[in-house]
Amino acid sequence: MRHQLAIQIGPVAFRIGSAWRSPLDALAGLYADYPEPADGLCDFTVRLEPEKFWRRFIRPSVAIRGDYILPDAVPLSLAHGLLAAEMGMNLQMALGQKRYLLLHAATVEKDGRALVMTGESGAGKSTLAALLGERGWRLMGDEFALLDMDNGLLLPFPRAVSLKNGAIAVMEAEVDAARFGPRLDGTPKGAIRHMRPNGDALSRMGEGARPALILFPRFGEAAAVRAVGQAEVFIRLTQASTNYVALGRRGFDALTGLVRGVPALAIDYPDTDTAVGLIDDFRRELAA
Amino acid sequence: MNNARLLVRALRAPASIGDCDWAGLVSAARAEQLIGSLAFRMEGRPMPARIAALFEDARRDSAHARTQALWEAEMARRALAPLDVPMILMKGTAFHAADFDACIGRSVGDLDIMVPRDRLAAVEAALLDAGWEHVKDAEGYDDAYYRRWMHELPPLIHRTRDRMIDVHHTILPLTARPRPDAEAMIAASATLDSGLRILCPADIVIHAACHLFADGDLAGGLRNLWDIDRLLREFASPDFWRILDERARLHQLHGPVARALRLANRLYATPVDHALAGRPRLSDRLFEARLLARNGWGQEKRKLLRFAFYIRGHWLRMPPMMLARHLWTKATR
């Protein structure tokens, strides 16, 4: 393709090709401190190309394609090309990743113990993970948790954090402006701004961690904590996984292993500071 | 080298692949739904660690695809068991059920079955009863078109398993010029130990050739031709070639079968019966170019040639006046 870029994120290498220069310039800026794949190869290919050939020039419209494709995916405007690249990488993971059990979850780590946060869109897992990542935890990923089915470790996938709407200002108050991508207004998901994880998260992207706690956060309620039974955790995690069914017996064994070995809590929180406080309390209890 | 050609070479002669455009090979194979087959062909060969790991994933994934395909076949068998109708598996599911070499790494999308035409209504009712649903509007033009002119029912999808089933009563639309003998196909079909039925070997090859060269626009053609290569290598014998010739004539599909033999031989070096394959034709090159119209980013190339084959697919499917009416209806609704 006309323009291309390769990025290594945790154990996964992507090759992104584009018919236009601007999405890859934005991507290269956002992913400035990430390594290139050491072997020059990739696990997945993403393509950003005109939906129809004339749409390269006239009202450019970016179709998100690659090794794996959603036939009915809606194209984005060229101004949102960076988002298209991000969505393209996520799509390859969701449809094509078969080496690890993939959970739609955010993960942070401290003292070798990993905290997995999962929940529906809007539950606040991305924001919480991003915030914890600036307050003494290591951000392992805000979107996908990769469970190694051989040893039960979680592997980092620290792609740029995708902040939406209200979360953007929360993180802008916390983090150096140089780590942000451009603000994208009017996307299908509202306003979006990407944030590069800090140096600790990037330099340790090859380092897994043992899961210690599973959390189901819910934003916008009065603070409350309840324990979640194993059966419920199991069902919720099968729903949070994109490839659980495809992994068959190995996926089942890995997921039941995780559920049996790790406690789970549902927390409601009115604001992120309350949640961060609660989570640090849990960590101290687990460490004690 | 063109990456589709690299893919073909890797399938045909894995030992000949040294240092190559691995990313391009993988993307082309994924786009052509051949990553599983390629992963098995390349097993144990020297290659970069990342590619070896990808191929291992693909091999494991195809084991799951097989389980799922056979389970879907079993679900349909159970749904139709009370009807006492011969239910014949077709395409990928049949390869897996019969354990043909063609099943190694073969992905399976929809479940394709064939039943006698006079039992279609009962079969459809039984499937609807067992949880399958219509994909398209059951009152609309498409539905009426399927029922009147197609070789299969409008597609059904299972409510909870989300898998499609295509119920065929013959192998070509009724509007196409050749008229395959569906009754003869069903009569010659065989029961496997598992109780599932498949077509006889010659008819399996004829169906694959017909699907590729007598119907449609050759989309996914490299995979279909790879099926044909594997099937021919497994079935080849003097008797088989004789029966294939006879049955190809019986089904009025001698031309497409000969074409399939020539193209399989051209691309995959498949040993074929040269009397049946006939002399190379100039147009074989066009078919080859169309089959290889894919680059190392997985993109479709040669748009004009693809479009020409798209037109050809419709041309084969129905007489010109009917095609005009059909396209008019589709364009104006």
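Rules behind the numbers
- Residues numbered from 1 in each chain as written.
- Chains lettered and ligands numbered in written order.
- Predicted model: local features only at pLDDT ≥ 70, side-chain atom pairs only at ≥ 80, totals over all residues.
- Pairing = 2+ DSSP bridges.
- Helix = DSSP H or I, 4+ residues; strand = E, 2+ residues; numbered from the N terminus.
- Axes fitted to C-alpha atoms, helices over the stretch in contact; angles between N-to-C directions.
- Expected span 1.5 Å × (residues − 1).
- Buried ≥ 20, exposed ≤ 12 C-beta atoms within 10 Å, placed from the backbone.
- Arc of directions from axis to C-beta.
- Contact = placed C-beta atoms within 7 Å.
- Core = buried A, V, L, I, M, F, W, Y, C linked by C-beta atoms within 7 Å.
- Domains from an automatic or database assignment.
- Nonpolar A, V, L, I, M, F, W, Y, C, P; charged D, E, K, R; others polar.

A. Molecular detail of the sheet that holds strand β7 (residues 106-110) of chain A. All names here are of chain A. Spatial strand order, β9-β7-β8-β15-β17-β16: 6 strands in an open sheet with mixed pairing. Single-partner strands in this sheet number two, and they are β9 (138-141) and β16 (224-227). This sheet shows a mean twist of 25° between the axes of neighbouring strands, independent of strand direction. Pairing of β7 with β9 involves 3 bridges; the strand directions are antiparallel.

B. Structural view of helix α8 (residues 272-287) of chain A. Residue and element names in this part refer to chain A. Relative to the 22 Å expected for 16 residues at 1.5 Å per residue, α8 spans 23 Å between its end C-alpha atoms, a close match to the ideal helical length. Within α8, the full set of buried residues consists of Thr272, Ala275, Ile279 and Arg283. Down the axis of α8, the buried set is contained in an arc of 80°. They therefore lie on one face. Exposed residues lying more than 90 degrees from the buried face of α8 are Asp273, Gly277, Asp281, Arg284 and Glu285. Considering only its buried residues, α8 is in contact with β7, β8 (113-117), α3 (125-134), α4 (166-172), β15 (210-219) and β17 (264-269).

C. Broad picture of the nonpolar core. Core analysis: the largest hydrophobic core is formed by 177 residues, its most contacted members being B:Leu7, B:Ile113 and B:Ala209. Among the elements that make up this core, the one with the highest residue count is helix α4 (residues 49-80) of chain B (10 residues). Counting the residues that make up this core, at least three belong to each of domain 1 (3-96) and domain 2 (101-287) of chain A. Residues in contact with B:Leu7, not counting those within four places in the same chain, are B:Leu25, B:Ala28, B:Ala29, B:Glu32, B:Leu34 and B:Leu38.

D. Quick peek at the domain arrangement of chain A. Residue and element names in this part refer to chain A. Domain annotation of chain A identifies domain 1 (3-96) and domain 2 (101-287). Here the C-alpha centroids of domain 1 and domain 2 sit 24 Å apart. Taken together, the 19 residues of domain 1 in the interface contact 22 residues of domain 2. Elements represented by at least two residues in the side of domain 1 that touches domain 2 include exactly α1 (22-30) and α2 (81-96).

E. Representation of the interface of chain B and chain A within the structure. Opposite the 17 residues of chain B that make contact, chain A presents 14 residues. Looking at the side of chain B that touches chain A element by element, the count peaks at 9 residues for α4(B). Its residues placed into classes, the side of chain B that touches chain A shows 7 nonpolar, 5 polar and 5 charged.

F. Quick look at the environment of A:Ile192. Residue and element names in this part refer to chain A. Along the chain, Ile192 falls in strand β14 (residues 190-195). Take Ile192: there are 23 C-beta atoms within 10 Å of it, and that puts it in the buried class. Once the C-alpha coordinates of Ile192 and Phe144 are considered, the two residues, 48 residues apart in sequence, prove to be 18 Å apart. Apart from the residues within four sequence positions on either side, Ile192 is in contact with Leu83, Ser162, Leu163, Lys164, Leu184 and Thr187.

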